[in-house]
Amino acid sequence: MTDENKKHGPDEAVENNVTAEASALEELTIEADAPAEPDPVDVLRTENADLRDRYLRLAAEMDNLRRRTERDVKDAKSYSVAGFARDMLAVSDNLRRALDAIPADALESGDAGFKALVEGVEMTERSMLSALERHGVRKLEPVGEKFDPNFHQAMFEVPNPEIANNTVVQVVQAGFVIGERVLRPAMVGVSKGGPKAPAGEASAAQA
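This structure is a prediction, so every number in the text was calculated from the model and none was measured. (Residues numbered from 1 in each chain as written. Predicted model: local features only at pLDDT ≥ 70, side-chain atom pairs only at ≥ 80, totals over all residues. Heavy atoms only, no water.)

With that out of the way, let us pick up the overall build of the protein chain. Each helix and strand in the protein chain was counted, giving 6 helices and 6 strands. Along the protein chain, helices (α) and strands (β) appear in the sequence α-α-α-α-α-β-β-β-β-β-β-α when read from the amino end. The buried share among the 207 residues of the protein chain stands at 18%. Taking all contacts inside the protein chain whose residues are at least 6 apart in sequence as the whole, residues at least 24 apart take part in 65%. Summed over its atoms, the accessible surface of the protein chain is roughly 15,500 Å², and 55% of this surface lies on carbon and sulfur atoms. (Helix = DSSP H or I, 4+ residues; strand = E, 2+ residues; numbered from the N terminus. Buried < 20%, exposed > 50% of the residue type's maximum accessible area, 1.4 Å probe, protein only. Contact = heavy atoms within 4.5 Å. Areas by Shrake-Rupley, 256 points an atom, 1.4 Å probe, with all protein chains shown as cover.)

Written as C-alpha coordinates, this is what we have:
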(Lines give C-alpha, C1' and ligand atoms only; values in the text may rest on other atoms or scores of the structure.)
Protein backbone atom coordinates (compact mmCIF):
# COMPACT_ATOMS: atom_id res chain seq x y z
CA MET A 1 0.00 0.00 0.00
CA THR A 2 2.86 2.34 0.88
CA ASP A 3 4.70 1.62 -2.31
CA GLU A 4 1.59 2.30 -4.34
CA ASN A 5 1.01 5.63 -2.60
CA LYS A 6 4.59 6.60 -3.22
CA LYS A 7 4.25 5.66 -6.86
CA HIS A 8 1.22 7.84 -7.47
CA GLY A 9 2.07 10.70 -5.11
CA PRO A 10 4.34 12.75 -7.41
CA ASP A 11 2.00 12.39 -10.36
CA GLU A 12 -0.87 13.81 -8.37
CA ALA A 13 1.30 16.76 -7.27
CA VAL A 14 2.24 17.55 -10.86
CA GLU A 15 -1.38 17.30 -11.93
CA ASN A 16 -2.43 19.70 -9.18
CA ASN A 17 0.27 22.16 -10.22
CA VAL A 18 -0.85 22.02 -13.86
CA THR A 19 -4.47 22.57 -12.83
CA ALA A 20 -3.51 25.56 -10.65
CA GLU A 21 -1.43 27.09 -13.43
CA ALA A 22 -4.28 26.58 -15.92
CA SER A 23 -6.72 28.29 -13.56
CA ALA A 24 -4.35 31.20 -13.03
CA LEU A 25 -3.80 31.52 -16.78
CA GLU A 26 -7.57 31.44 -17.37
CA GLU A 27 -8.08 34.20 -14.80
CA LEU A 28 -5.38 36.31 -16.44
CA THR A 29 -6.99 35.74 -19.84
CA ILE A 30 -10.42 36.79 -18.51
CA GLU A 31 -8.92 39.91 -16.93
CA ALA A 32 -7.14 40.76 -20.18
CA ASP A 33 -10.32 40.30 -22.23
CA ALA A 34 -12.43 42.40 -19.85
CA PRO A 35 -12.95 45.97 -21.17
CA ALA A 36 -11.02 48.71 -19.41
CA GLU A 37 -13.01 51.19 -17.35
CA PRO A 38 -13.47 54.49 -19.27
CA ASP A 39 -11.73 57.54 -17.93
CA PRO A 40 -14.33 59.73 -16.11
CA VAL A 41 -12.64 62.88 -17.43
CA ASP A 42 -12.98 61.70 -21.03
CA VAL A 43 -16.62 60.81 -20.41
CA LEU A 44 -17.32 64.28 -19.02
CA ARG A 45 -15.53 65.92 -21.95
CA THR A 46 -17.59 63.95 -24.44
CA GLU A 47 -20.84 64.80 -22.67
CA ASN A 48 -19.81 68.46 -22.48
CA ALA A 49 -19.05 68.58 -26.21
CA ASP A 50 -22.38 66.94 -26.99
CA LEU A 51 -24.30 69.37 -24.79
CA ARG A 52 -22.43 72.32 -26.32
CA ASP A 53 -23.32 71.14 -29.82
CA ARG A 54 -26.98 70.76 -28.86
CA TYR A 55 -26.99 74.22 -27.28
CA LEU A 56 -25.49 75.86 -30.37
CA ARG A 57 -28.00 74.13 -32.63
CA LEU A 58 -30.90 75.16 -30.39
CA ALA A 59 -29.62 78.76 -30.22
CA ALA A 60 -29.38 78.90 -34.03
CA GLU A 61 -32.91 77.51 -34.41
CA MET A 62 -34.28 80.03 -31.90
CA ASP A 63 -32.53 82.89 -33.71
CA ASN A 64 -33.99 81.77 -37.04
CA LEU A 65 -37.42 81.46 -35.45
CA ARG A 66 -37.13 84.96 -33.98
CA ARG A 67 -36.19 86.43 -37.35
CA ARG A 68 -39.02 84.64 -39.13
CA THR A 69 -41.47 85.82 -36.50
CA GLU A 70 -40.28 89.42 -36.79
CA ARG A 71 -40.57 89.24 -40.58
CA ASP A 72 -44.05 87.71 -40.40
CA VAL A 73 -45.21 90.39 -37.94
CA LYS A 74 -43.76 93.13 -40.16
CA ASP A 75 -45.42 91.67 -43.26
CA ALA A 76 -48.72 91.34 -41.40
CA LYS A 77 -48.57 95.01 -40.43
CA SER A 78 -47.54 96.13 -43.90
CA TYR A 79 -49.84 94.01 -46.01
CA SER A 80 -52.84 93.36 -43.77
CA VAL A 81 -54.76 96.20 -45.45
CA ALA A 82 -54.02 94.95 -48.97
CA GLY A 83 -57.51 93.55 -49.55
CA PHE A 84 -59.22 96.65 -48.16
CA ALA A 85 -56.89 98.96 -50.12
CA ARG A 86 -57.63 97.10 -53.35
CA ASP A 87 -61.36 97.62 -52.80
CA MET A 88 -60.79 101.32 -52.10
CA LEU A 89 -58.91 101.66 -55.38
CA ALA A 90 -62.14 100.75 -57.19
CA VAL A 91 -63.86 103.66 -55.42
CA SER A 92 -61.00 105.98 -56.34
CA ASP A 93 -61.22 104.84 -59.95
CA ASN A 94 -64.92 105.69 -60.05
CA LEU A 95 -64.26 109.15 -58.65
CA ARG A 96 -61.63 109.75 -61.33
CA ARG A 97 -63.94 108.48 -64.08
CA ALA A 98 -66.67 110.84 -62.86
CA LEU A 99 -64.27 113.79 -63.02
CA ASP A 100 -62.91 112.81 -66.43
CA ALA A 101 -66.47 112.51 -67.79
CA ILE A 102 -67.23 116.19 -67.13
CA PRO A 103 -66.76 118.23 -70.33
CA ALA A 104 -64.35 121.12 -69.98
CA ASP A 105 -66.86 123.65 -71.36
CA ALA A 106 -69.50 122.44 -68.91
CA LEU A 107 -67.11 122.99 -66.05
CA GLU A 108 -66.24 126.49 -67.24
CA SER A 109 -69.82 127.55 -67.87
CA GLY A 110 -71.30 125.80 -64.85
CA ASP A 111 -72.71 127.66 -61.89
CA ALA A 112 -71.04 127.95 -58.50
CA GLY A 113 -72.92 124.95 -57.11
CA PHE A 114 -71.74 122.68 -59.92
CA LYS A 115 -68.12 123.80 -59.53
CA ALA A 116 -68.30 123.25 -55.79
CA LEU A 117 -69.56 119.71 -56.43
CA VAL A 118 -66.66 118.99 -58.77
CA GLU A 119 -64.17 120.40 -56.28
CA GLY A 120 -65.72 118.25 -53.56
CA VAL A 121 -65.26 115.11 -55.66
CA GLU A 122 -61.63 116.08 -56.36
CA MET A 123 -60.97 116.64 -52.67
CA THR A 124 -62.55 113.27 -51.85
CA GLU A 125 -60.27 111.57 -54.34
CA ARG A 126 -57.16 113.29 -52.97
CA SER A 127 -58.16 112.51 -49.40
CA MET A 128 -58.65 108.84 -50.21
CA LEU A 129 -55.28 108.57 -51.94
CA SER A 130 -53.60 110.34 -49.00
CA ALA A 131 -55.21 107.93 -46.55
CA LEU A 132 -54.01 104.96 -48.60
CA GLU A 133 -50.51 106.41 -48.77
CA ARG A 134 -50.38 106.72 -44.98
CA HIS A 135 -50.97 102.97 -44.86
CA GLY A 136 -48.14 102.22 -47.28
CA VAL A 137 -50.13 102.27 -50.54
CA ARG A 138 -48.29 104.34 -53.13
CA LYS A 139 -49.40 105.38 -56.60
CA LEU A 140 -47.10 104.55 -59.51
CA GLU A 141 -46.03 107.36 -61.86
CA PRO A 142 -44.61 105.38 -64.80
CA VAL A 143 -44.84 107.92 -67.65
CA GLY A 144 -41.39 108.32 -69.17
CA GLU A 145 -40.01 105.23 -67.46
CA LYS A 146 -38.76 102.06 -69.08
CA PHE A 147 -41.53 99.47 -69.29
CA ASP A 148 -41.24 96.98 -66.41
CA PRO A 149 -43.52 93.92 -66.55
CA ASN A 150 -43.25 93.63 -62.77
CA PHE A 151 -45.10 96.92 -62.31
CA HIS A 152 -46.73 97.67 -65.67
CA GLN A 153 -49.21 95.93 -67.94
CA ALA A 154 -48.87 96.93 -71.59
CA MET A 155 -52.25 97.55 -73.23
CA PHE A 156 -51.14 98.97 -76.60
CA GLU A 157 -48.16 100.36 -78.49
CA VAL A 158 -47.70 103.94 -79.65
CA PRO A 159 -45.46 104.40 -82.73
CA ASN A 160 -43.02 107.22 -82.02
CA PRO A 161 -39.52 107.25 -83.54
CA GLU A 162 -38.41 110.10 -81.23
CA ILE A 163 -38.94 108.24 -77.93
CA ALA A 164 -36.80 105.33 -76.79
CA ASN A 165 -38.40 102.03 -77.64
CA ASN A 166 -40.48 100.36 -74.93
CA THR A 167 -40.97 103.54 -72.88
CA VAL A 168 -44.24 104.18 -71.03
CA VAL A 169 -45.97 107.09 -72.79
CA GLN A 170 -49.53 106.82 -71.51
CA VAL A 171 -51.34 105.48 -68.44
CA VAL A 172 -54.79 104.01 -68.96
CA GLN A 173 -55.30 102.97 -65.35
CA ALA A 174 -53.08 103.99 -62.43
CA GLY A 175 -51.04 101.31 -60.71
CA PHE A 176 -50.33 101.02 -56.99
CA VAL A 177 -47.83 99.26 -54.75
CA ILE A 178 -48.08 98.43 -51.06
CA GLY A 179 -44.70 98.27 -49.42
CA GLU A 180 -42.56 96.39 -51.93
CA ARG A 181 -45.43 94.42 -53.47
CA VAL A 182 -47.56 95.32 -56.44
CA LEU A 183 -51.12 95.94 -55.38
CA ARG A 184 -52.25 96.61 -58.94
CA PRO A 185 -50.07 96.99 -62.04
CA ALA A 186 -50.40 100.17 -64.08
CA MET A 187 -52.13 99.65 -67.42
CA VAL A 188 -50.01 101.56 -69.90
CA GLY A 189 -49.24 102.29 -73.52
CA VAL A 190 -45.61 101.91 -74.59
CA SER A 191 -43.62 103.50 -77.37
CA LYS A 192 -42.58 101.60 -80.47
CA GLY A 193 -40.18 102.31 -83.30
CA GLY A 194 -37.78 104.58 -81.46
CA PRO A 195 -34.12 104.00 -80.56
CA LYS A 196 -33.20 101.40 -77.98
CA ALA A 197 -32.78 102.73 -74.44
CA PRO A 198 -29.15 102.81 -73.22
CA ALA A 199 -28.18 99.84 -71.06
CA GLY A 200 -27.46 102.03 -68.03
CA GLU A 201 -30.80 103.79 -68.35
CA ALA A 202 -32.66 100.49 -68.64
CA SER A 203 -30.89 99.13 -65.56
CA ALA A 204 -31.72 102.27 -63.57
CA ALA A 205 -35.40 102.02 -64.54
CA GLN A 206 -35.54 98.38 -63.42
CA ALA A 207 -33.80 99.19 -60.12
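Quick look at the nonpolar core now. A general trend in soluble globular proteins is that nonpolar side chains are found buried together. Counting 11 residues, the largest nonpolar core is built from Tyr79, Ala82, Ala85, Leu89, Met128, Leu132, Val137, Ala174, Phe176, Ile178 and Leu183. Of all the secondary-structure elements, those providing two or more residues to this core are α3 (82-100), α5 (112-134) and β4 (176-178). If you tally residues by element for this core, the top one is α3, at 3 residues. Counting residues in each nonpolar core, the second largest holds 5 residues, with Phe147, Val168, Ala186 and Val188 among its members. (Core = buried A, V, L, I, M, F, W, Y, C linked by side-chain atoms within 4.5 Å.)

Here 3 strands make up an open sheet; going across it, the order is β1-β4-β5 and the pairing antiparallel. Among the strands making up the open sheet, the edge pair consists of β1 (137-139) and β5 (181-184). Each strand axis lies, on average, 35° off the axis of its neighbour in the sheet, ignoring direction. Sheet contacts for α3: β1, β4 and β5; angle to β5, the most-contacted strand, approximately 40°. (Pairing = 2+ DSSP bridges. Axes fitted to C-alpha atoms, helices over the stretch in contact; angles between N-to-C directions.)

The next point concerns the confidence of the model for the protein chain. Chain-level statistics for the protein chain give a pLDDT mean of 80 and a share of 77% at 70 or above. Within the model, pLDDT remains below 50 along residues 202-207, and this stretch shows 2 contacts once partners closer than five positions in the same chain are excluded. (pLDDT = per-residue confidence, 0-100.)

The next thing to look at is the pattern of salt bridges. Summed over all chains, the structure comprises 10 salt bridges. Of the charged contacts in the structure, one is a salt bridge between Asp63 and Arg67, with a shortest N-O distance of 3.3 Å. Here Arg67 and Asp63 lie together in helix α2 (residues 40-79), a separation of 4 residues that amounts to about one turn. Overall, the relative accessible area of 23% leaves Asp63 in the partly exposed class. Salt bridges sharing partners connect three or more residues here, namely Asp63, Arg66, Arg67 and Glu70. (Salt bridge = Lys/Arg side-chain N within 4 Å of Asp/Glu carboxyl O.)

On to a nonpolar patch on the surface. A cluster of nonpolar side chains, contributed by Leu58, Met62 and Leu65, occupies part of the molecular surface with about 280 Å² of accessible area. Locating Leu58 in the fold gives a position in helix α2. (Patch = residues over 30% accessible without salt bridge, like charges linked within 9 Å, V, L, I, M, F, W, Y side chains within 5 Å.)

This paragraph deals with the layout of surface pockets. Roughly 290 Å³ of volume is contained in the largest pocket. Along the wall of the largest pocket there are 14 residues; nearest its centre are Asp93, Arg96, Val172, Gln173 and Ala174. Looking at the lining of the largest pocket, the elements with two or more residues in it are α3, α5 and β3 (168-173). Looking at which element gives the most residues to the lining of the largest pocket, the answer is α3, with 6 residues. When the residues that make up the lining of the largest pocket are grouped by side-chain class, the tally is 6 nonpolar, 2 polar and 6 charged. (1 Å grid on protein atoms, 1.4 Å probe; cavity = no way out; pocket = protein on both sides within 12 Å on 5 of 7 lines; lining within 4 Å. Points joined across faces, edges and corners; volume = space filled by probe spheres on them. Nonpolar A, V, L, I, M, F, W, Y, C, P; charged D, E, K, R; others polar.)

Residues other than glycine predominantly adopt negative phi, and peptide bonds predominantly adopt the trans conformation. With a phi angle near 70°, Asn166 is a residue other than glycine that sits in the positive phi range. Inspection of the secondary structure assignment puts Asn166 in the loop between β2 (152-159) and β3.

Along the chain, the position of Ser92 falls in helix α3. Here Ser92 falls in the buried class, since its relative accessible area comes to 5%. Once you skip the residues sitting within four places of it in the chain, Ser92 turns out to touch Glu125, Met128 and Leu129.

So, about the sheet that holds β2. In any sheet, the strands associate via hydrogen bonds between backbone groups, in a parallel or an antiparallel arrangement. Across the sheet, 3 strands lie side by side as β2-β6-β3; this open sheet has mixed pairing. Sheet topology places β2 and β3 at the edges, where each strand pairs with a single neighbour. Ignoring which end each strand starts from, the neighbouring axes of this sheet average 30° apart.

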